[in-house]
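# Architecture and fold: a report
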Amino acid sequence: MEKFFKYALAALMSTVAALEFYQVIMRYIFELPVMGLDELLVYPTLWLYFFGSVNACREDTQIKANVLDIFMKTDLGKLRVRVVADIMSLVVSSWLTWWAWDYFLYALRIWKESPTLYIPTFWAECAFFIGMMLMTMFVLWHLIRNIRRLMLIADQPAVAAKVGV
């Protein structure tokens with residue numbers, strides 16, 4: 001999974017950068033704007049945003065405001081707060097995934113096309129649902145992992161100390 005995100009994100013970033021570079025060169029140096037390139041940039045850009053979000057969720061490196069960690073003295077207290085935060089994250093991401101599913105069905109039914117290149121916008125719009133679904137799955141995975149760690153600490157403090165939890 002890590003290799004997939006590594007190469008997919010690198011390819012998407014390179015594609016977006018190359019297309020933007022080409023657009024700037026053509027428009028401002030050669031004064032020949034490329035029609036439809038802005039439309040084309042939407043597709044890799046949306047996939048880049050959502051795959052980046054999914055990767056941050058997978059690595060559990062998304063931006064967090066862990067203010068309560070400052071006041072918690074023990075690892076057990078910090079882990080309890082983390083479990084509560086994971087539950088709240090799961091509720092919110094599930095709710096957003098439900099909305100993204102409705103939008104996915106709408107985009108599939110309507111099947112809009114871009115105005116200049118006539119590319120189906122569905123291929124950009126489905127990134128919302130796929131990204132949210134993957135983020136929800138990773139939030140659930142982190143929740144299960146943290147609950148297991150919490151149960152390990154609560155049930156067997158001596159074993160948990162050896163494991164380093």
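Residues numbered from 1 in each chain as written. Predicted model: local features only at pLDDT ≥ 70, side-chain atom pairs only at ≥ 80, totals over all residues. Heavy atoms only, no water.

## Digging into the overall build of the protein chain
Put simply, the rule reads: Put simply, DSSP marks the helices as runs of H or I at least four residues long and the strands as runs of E at least two long, and each gets a number from the N terminus on. Both definitions apply: the radius of gyration is a C-alpha atom measure, and the globule rule equals 2.2 Å times residues to the power 0.38. The convention is simple: Lys and Arg are positive, Asp and Glu are negative, and His and the chain ends are not counted. We put the charge of a Lys on NZ, of an Arg on CZ, of an Asp on CG and of a Glu on CD.
From N to C terminus, the protein chain includes six helices and zero strands. Each helix and strand of the protein chain, placed in order from N terminus to C terminus, yields the pattern α-α-α-α-α-α. For the protein chain, whose C-alpha radius of gyration is 21 Å, the value lies well above the compact-globule estimate of 15 Å for 165 residues. Projecting the C-alpha coordinates of the protein chain onto the three principal axes gives extents of approximately 70 × 40 × 30 Å. Here the protein chain holds 15 positive side-chain charges and 14 negative ones, and the gap between their average locations is 12 Å.

## Notes on the packing of helix α1 (residues 2-29) against helix α2 (residues 37-59)
We apply this condition: Each axis is a line fitted through C-alpha atoms, and for a helix only the stretch in contact is used; angles between axes span 0 to 180 degrees, taken between their N-to-C directions. When describing relative orientation, an angle under 35 degrees is termed roughly parallel and one over 145 degrees roughly antiparallel, while 65 to 115 degrees is termed roughly perpendicular and anything else oblique. Whether a crossing is left-handed or right-handed is set by the direction in which the near helix is turned from the far one by less than a right angle, anticlockwise for left-handed and clockwise for right-handed. For this classification, Asp, Glu, Lys and Arg are treated as charged, while Ala, Val, Leu, Ile, Met, Phe, Trp, Tyr, Cys and Pro are nonpolar and the rest, including Gly, are polar.
Between α1 and α2, the least distance of the axes is 9 Å, while the angle of their chain directions is 150 degrees. Accordingly, the angle class assigned to the pair α1 and α2 is roughly antiparallel. The interaxial crossing formed by α1 with α2 has left-handed handedness. A per-class count over the contact of α1 with α2 returns 16 nonpolar, five polar and five charged.

## A short note on the nonpolar core
Threshold: Only buried Ala, Val, Leu, Ile, Met, Phe, Trp, Tyr and Cys residues count toward a nonpolar core, and they belong to the same one when joined by side-chain atoms within 4.5 Å. Note on exposure labels: buried denotes an accessible area under 20% of the residue type's maximum, exposed denotes more than 50%, and partly exposed covers the range between, all computed with a 1.4 Å probe on protein chains only. Contact definition: two residues touch when any of their heavy atoms are within 4.5 Å.
Of all hydrophobic cores here, the largest spans 34 residues; its most connected members are W47, F51 and M135. Within the residue set of this core, elements represented by two or more residues are α1, α2, α4 (75-110) and α5 (122-155). Counting residues per element, this core draws most heavily on α5, which supplies twelve residues. Apart from the residues within four sequence positions on either side, F51 is in contact with F4, F5, A8, L9 and L12.

## Examining a nonpolar patch on the surface
Just so we agree on the cut-off: Patch criteria: residues need more than 30% relative accessible area and no salt bridge. Like-charged residues are merged within 9 Å; nonpolar side chains of Val, Leu, Ile, Met, Phe, Trp and Tyr are merged within 5 Å. Each accessible area is a Shrake-Rupley estimate made with a 1.4 Å probe; only the visible protein chains count as cover when residues are assessed. Here a salt bridge means any side-chain nitrogen of Lys or Arg lying within 4 Å of a carboxyl oxygen belonging to Asp or Glu.
A surface patch of nonpolar side chains, about 740 Å² in accessible area, is lined by V92, W95, L96, W98, W99, W101 and L105. In this structure, V92 sits in helix α4.

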